[in-house]
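Remarks on the overall topology
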Amino acid sequence: MGNLIKKKRKKKIALIYGVTGQDGSYLVEFLLKKNYIVHGVKRRSSSANTDRIDHIYDSINFKNKNFFIHYGDITDSSSVFNIINNTKPNEIYNLAAQSHVRVSFEIPEYTANTTALGTLRILEALKSLNLFKTKYYQASSSEMFGKQKSNIPQNESTKFYPMSVYGVSKVFAHNTTILYREAYGIFACNGILFNHESPRRGPNFVTKKIVQGLVRIKLKKQKVLTLGNLYAIRDWGHAIDYVESMWKIMQYKKPDDWVIATNYEISVKKFINLCAKKLKINLIWKNNAEKEVGIDKDLKKTIIKIDKKYFRPGEVDYLKGDFSKARKQLKWKPKYNINSLIDEMIKSELNFHEK
Ligand code: NAP
Ligand code: F7E
């Protein structure tokens, strides 16, 4: 009898903005396993942008009948309105953003339009369509904490001090989410996620760039890896763990804001050292500041150099998250640690070159 009722219960509908990104791709997999019908929004681009989800959605074979893709853009209000109206989702996950911090200094207005105003467009659409039962998840970011001298680790009460256009835009989106929750009663939540990585991470984020570079150097397909600030400290988790937290946030009895992190922090340089050790590269460091170099001691060759172009006009030096609220109320904790994360990223990179 219980099974019969379960079968008859209507499937939940989720709408994901940013479905082609790192987190979007893992979230589709997660929600399909939970028996959701999933709609994803992809933007038009002149070259393929669906690599991360092609294995789930295949337009020729229709591999998954519960997954649908729509063309749309978070900067286009009419498309946001129409997609939400046509899909009438139970849950919206807004992961769409110009998500690169350094790039946000170069395209500030576009970043604000996407990362800040995109949130407003979705919430306004929910309000105009009277969809007050649709839950909303906002991809907030530890980058909002920015410059913190003594507030370490950061939690839900830590004051924001963003140091980039991206960070400022995320603060706007975060506060807009709270406003629509309080002013209109929308079930709108913020997940304040610290850095999270995976084999699907974009190649211009530092962890992927390091793993990709060192593997290629090991295989003699690249000579030098050029980086920026080696001394920034981050709390790095795995995207698979973090998309689970997004879903848990949406299932909690009331809408709220949550920090999601591992509470373990290392510098970019330590991340490089861990990768080098796992790849059996005998790495030593020489010189300071912009002249600092990483040398393969066995081959007597410089394999890491610093280039000023990767430094940012405003830097975030130290991020470490306190996720005790999520641990206690959502019963969430990460399954991966920094070692298993790096192991998986290296393995995937090596597999790629073996093909
Ligand atoms: P990502 O890989 O850069 O993915 C961003 C997604 O947004 C992509 O699907 C991208 O589409 C889409 N997008 C960009 N501009 C758009 C537009 N104008 N209209 C519609 N879609 C657009 O980012 P991620 O690492 O998965 O992160 C997901 C979200 O979490 C982002 O909002 C990010 O800012 C936030 N966040 C990430 C982290 C992290 O460490 N990963 C931490 C905290 C918060 P294309 O594929 O076409 O580019
Ligand atoms: O930089 C330093 C850089 O670009 C990490 C996004 O997902 O997480 C991410 O933002 C650190 C910074 O991530 C290079 O200066 C050194 O201090 O990998 P990243 P991010 O800026 O922390 C937050 C939470 C988000 O929300 C964002 O969407 O590494 N670094 N050398 C470098 N960074 C890059 N990208 N490239 C370098 O060559």
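Here goes a summary of the coordinates provided. (Residues numbered from 1 in each chain as written. Chains lettered and ligands numbered in written order. Predicted model: local features only at pLDDT ≥ 70, side-chain atom pairs only at ≥ 80, totals over all residues. Heavy atoms only, no water.)

Remarks on the sheet that holds strand β5 (residues 135-141)
Put simply, the test is: Two strands pair under a simple rule: DSSP has to find at least two bridges between them. Numbering of helices and strands runs from the N terminus, with a helix taken as a DSSP run of H or I at least four residues long and a strand as a DSSP run of E at least two residues long. Throughout, an axis means a line fitted to C-alpha atoms (over the contacting stretch in the case of helices), and angles, computed between N-to-C directions, take values from 0 to 180 degrees.
Spatial strand order, β3-β2-β1-β4-β5-β6-β11: seven strands in an open sheet with parallel pairing. Of all strands in the sheet, those with a lone pairing partner are β3 (67-71) and β11 (257-260), marking the two edges. For this sheet, the mean angle separating the axes of adjacent strands, direction not counted, is 20°. As judged from the four bridges shared by strand β4 (residues 91-94) and β5, these two strands associate in the parallel manner. The residue of β5 that forms the bridge with E91 is K135.

Description of the site of ligand 1
Using the following cut-off: Nearness is defined per residue: one heavy atom within 4 Å of the molecule or strand is enough. N or O atoms closer than or at 3.5 Å make up a polar contact, with two conditions inside protein: a donor-capable atom paired with an acceptor-capable one, and, for residues adjacent in sequence, both atoms drawn from side chains. Charged residues are taken to be Asp, Glu, Lys and Arg, nonpolar residues to be Ala, Val, Leu, Ile, Met, Phe, Trp, Tyr, Cys and Pro, and polar residues to be all remaining types, Gly included.
Around ligand 1 there are 26 residues in total, and T20, R43, D73, S99 and Y166 lie nearest to it. One of the backbone N or O atoms of L95 is found 3.0 Å from an oxygen atom in ligand 1. Breaking the shell around ligand 1 down by element, the ones donating at least two residues are α2 (22-33), α5 (108-128), β5 and α6 (165-184). Looking at the shell around ligand 1 element by element, the count peaks at three residues for β5. Considering only residue class, the shell around ligand 1 consists of nine nonpolar, 12 polar and five charged.

Remarks on the packing of aromatic side chains
In plain terms, the rule: Whether two aromatic rings pair depends on their centres lying within 6.5 Å, for rings of Phe, Tyr and Trp, where Trp uses its six-membered ring; planes under 30 degrees apart make the pair stacked, over 60 edge-to-face, and the rest tilted. Criterion for a charge above a ring: Lys NZ or Arg CZ within 6 Å of the ring centre, and within 35 degrees of the ring normal.
With the rule as written, the count across this model stands at nine aromatic pairs. Through a chain of ring-to-ring contacts, the aromatic side chains of F145, F160 and F194 assemble into a single cluster. Sitting over the ring of Y26, R200 keeps its end group 4.0 Å from the ring centre. For the cation-ring pair, K325 lies above W258, with the distance from its terminal atom to the ring centre recorded as 4.8 Å.

Things to note about the sheet that holds strand β8 (residues 225-227)
Backbone-to-backbone hydrogen bonds pair the strands of a sheet. The strands run either parallel or antiparallel. The line we're drawing: The contact definition used throughout considers only heavy atoms, calling two residues in contact when any of these lie within 4.5 Å.
With mixed pairing, four strands are arranged side by side in an open sheet as β8-β15-β14-β13. Two strands lie at the open edges of the sheet, namely β8 and β13 (283-286), each paired on one side alone. With direction set aside, neighbouring strand axes in the sheet form an average angle of 25°. The pairing of β13 with strand β14 (residues 293-296) spans four bridges and is classified as antiparallel. Opposite W285, over in β14, you have G294 as the bridge partner. Set on the sheet, helix α9 (residues 268-278) makes contact with β8, β13 and β15 (301-306); between it and β13 the angle comes to about 150°.

Description of the pattern of salt bridges
Put simply, the test is: Put simply, a salt bridge is a Lys or Arg side-chain nitrogen that is within 4 Å of an Asp or Glu carboxyl oxygen. When accessible area is computed with a 1.4 Å probe and restricted to protein chains, residues below 20% of their type maximum are described as buried, those above 50% as exposed, and intermediate ones as partly exposed.
All told, the structure shown has 14 salt bridges when counted by the stated rule. For the salt bridge of D257 with R181, the shortest nitrogen-to-oxygen distance reads 2.9 Å. Of this pair, D257 sits in strand β11 while R181 sits in helix α6, placing them 76 residues apart in sequence. The class for D257 is buried, based on a relative accessible area of 10%.

Overview of the environment of V41
Mapped onto the fold, V41 is located in strand β2 (residues 37-42). Between the C-alpha atom of V41 and that of D73, which follows or precedes it by 32 residues, the distance is 7.5 Å. Ignoring any residue separated from it by four or fewer positions in sequence, one finds V41 in contact with L15, I16, Y17, G18, V19, H70, Y71, G72, D73 and I83.

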